[in-house]
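Tertiary structure, described
Here is what each chain is made of, one letter per residue.
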Amino acid sequence: MKKIDKELEALLVELKLKDSGYRFYVVDNHQDIASIEVFDDKTFVYLRVKDKNLLLKLQALKVGGIVFPPLTKEKLLSLFQNQNKALDIDYDIIKSKIIAKAESLPALPTVIQKLISLTSNDKSTFKEIIDELKKDQGLVGKVLKIVNSPFYGIRKEITSVERSAVLLGMSTIKNIALAAFSFDLFNKNFAVYETDSKNMWLHSFLVARISEELENLCGFEDKGGLFLAGLMHDLGKVVLVDFLTNKVSSIDEEKRLLGIDHAEVSAVILQKWNVNDKIIEAVEKHHLESDDIFYRCLYFANILANSEDLEKDVKDVSMKLGLNFADLYPRVEMIIKSDYEEFI
Ligand SMILES: [Fe+2]
Ligand SMILES: [Fe+2]
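Criteria and thresholds
Residues numbered from 1 in each chain as written. Chains lettered and ligands numbered in written order. Predicted model: local features only at pLDDT ≥ 70, side-chain atom pairs only at ≥ 80, totals over all residues. Heavy atoms only, no water. Core = buried A, V, L, I, M, F, W, Y, C linked by side-chain atoms within 4.5 Å. Buried < 20%, exposed > 50% of the residue type's maximum accessible area, 1.4 Å probe, protein only. Domains from an automatic or database assignment. Contact = heavy atoms within 4.5 Å. Helix = DSSP H or I, 4+ residues; strand = E, 2+ residues; numbered from the N terminus. Expected span 1.5 Å × (residues − 1). Donors = N, O, S within 2.8 Å, 3.2 Å for Na, K, Ca; no water. Tetrahedral: all angles 85-135°; square planar, octahedral: opposite > 155°, others 65-115°. Axes fitted to C-alpha atoms, helices over the stretch in contact; angles between N-to-C directions. Parallel < 35°, antiparallel > 145°, perpendicular 65-115°, else oblique. Left-handed = near helix turned anticlockwise from the far one by under 90°. Nonpolar A, V, L, I, M, F, W, Y, C, P; charged D, E, K, R; others polar. Buried area = accessible area lost by both parts, 1.4 Å probe. Salt bridge = Lys/Arg side-chain N within 4 Å of Asp/Glu carboxyl O. Polar contact = N/O pair within 3.5 Å; in protein donor to acceptor, adjacent residues only side chain to side chain.

Turning next to the nonpolar core. Counting residues in each nonpolar core, the largest one holds 106 residues, and the members touching the most others are Leu214 and Trp273. Taken domain by domain, this core gets at least three of its residues from each of domain 1 (6–86) and domain 2 (103–343). Among residues more than four places away in sequence, those in contact with Leu214 are Cys297, Phe300, Ala301, Val317, Leu321, Leu323 and Leu328. Formed by ten residues, the second largest nonpolar core is a distinct cluster that contains Tyr25, Val27, Ile33 and Val63.

Set out below in structure tokens:
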């Protein structure tokens, strides 16, 4: 039977290595070595006794790493860092496969691309934009479904895109079209992230809506970019789910397992879509609190969308972005607390 060491178990739980796909064995004698089923770079040994013969035997069997008492968090982590370095070649192969897959994702549809360029050009007419949207009737249906959801607070049902555009504005209609298009992109199994496609999409939509509000309140000159950034910030996960075999709970864990994280993969996809550089960079940095206020908006939107204490977090974000809490709180609260069941 596999030997258990309480100290090691506790550290594995703390470092989230418990179900990581790596195998840890406690060894005190030759019999313990004999009970190890697989010897490969995912097999790690905690050698609790000072015994040169045991050590030589383990080294000859080519385990992934050996650690000795006293056991510390740093020692366990360095074991991995050493191994990661030794496995650099493998990482390169995995990374290139991930990037190839990210680049093979469907391109941004022409209708969406045109809507983005038309709405960012002051000279575009209402008719031009509506005509473009109507070229994709499937998209029109999805847009109307979202327009009529409680998110936009319109009480009477709207059955035409023209009316929606009058009520909500062209930029919002473009954003809703983007959201509707993105829905199918998230159609994957997200079990490794302990979520599903609906909730993945909804999280992205919430981040997009909150980013949009932060962008408006911060008063940037070029508006409209952060909604797209919010919507696609976690898109890299769509690719990573095909490469992860075990649950991951942090961006560092992705990096440790695959050599690349979901923020970097999202950026690869957006690059392929020819999205502007600022949006790509905001997405790439969405887990870092950068000094740039534009990038920080996305970072904070992601935090607010996952918030467990909204009032406290909005206070904190208001302070850090130089915004008024009384302006921000009701907007974020409305977005987070709306009933979304009807349109997903
Ligand atoms: Fe993320
Ligand atoms: Fe996120």
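Text resumes after the structure shown.
This brings us to helix 11 (residues 197–218). Look at helix 11: 31 Å from first C-alpha to last across 22 residues, which is about the 32 Å you get at 1.5 Å a residue. Most of helix 11 sits inside the fold, with 16 of its 22 residues counted as buried. Taken from the residues just after helix 11, Gly219 is the one with a positive phi, measuring 65 degrees.

Once that is clear, we can look at the coordination of the iron ion (ligand 2). Looking at the metal site, the iron ion (ligand 2) is ligated by His203 (NE2), His233 (NE2), Asp234 (OD) and Asn302 (OD1), spaced 2.2 to 2.4 Å from it. Around the iron ion (ligand 2), the four donor atoms are arranged such that angles at the metal cover 83 to 172 degrees; this shape is classified as irregular. Read N to C, the donor residues that coordinate the iron ion (ligand 2) are spaced as H-x29-H-D-x67-N. The two metals, the iron ion (ligand 2) and the iron ion (ligand 1), are separated by 3.6 Å and share Asp234 as a common coordinating residue.

By secondary structure assignment, the location of Leu118 is in helix 6 (residues 110–119). Note: C-alpha distance between Leu118 and Tyr299 (181 residues apart in sequence) is 28 Å. If near-sequence neighbours (up to four positions away) are discounted, Leu118 is found in contact with Ser124, Glu128, Ile129 and Glu132.

Two numbers describe how helix 7 (residues 126–133) lies on helix 10 (residues 170–185): the axes approach to 11 Å, and their chain directions differ by 15 degrees. Viewed along their axes, helix 7 and helix 10 adopt a mutual orientation that is roughly parallel. The handedness of the crossing between helix 7 and helix 10 is left-handed. For the pair helix 7 and helix 10, the contacting residues are Phe126, Ile129, Ile130 and Leu133 in the first and Met170, Ile173 and Ala177 in the second. Considering only residue class, the contact of helix 7 with helix 10 consists of seven nonpolar, no polar and no charged.

Attention now moves to the domain arrangement of the protein chain. Under the domain assignment, the protein chain is made up of domain 1 (6–86) and domain 2 (103–343). Computed from C-alpha coordinates alone, the two centres of domain 1 and domain 2 are separated by 43 Å. Counting residues at the interface gives eight residues for domain 1 and five residues for domain 2. A buried area of about 560 Å², summed over both sides, lies between domain 1 and domain 2, and 45% of it is on carbon and sulfur atoms. One can count zero salt bridges joining domain 1 with domain 2. Linking domain 1 to domain 2 there are zero residue pairs in polar contact (both at pLDDT 80 or more).

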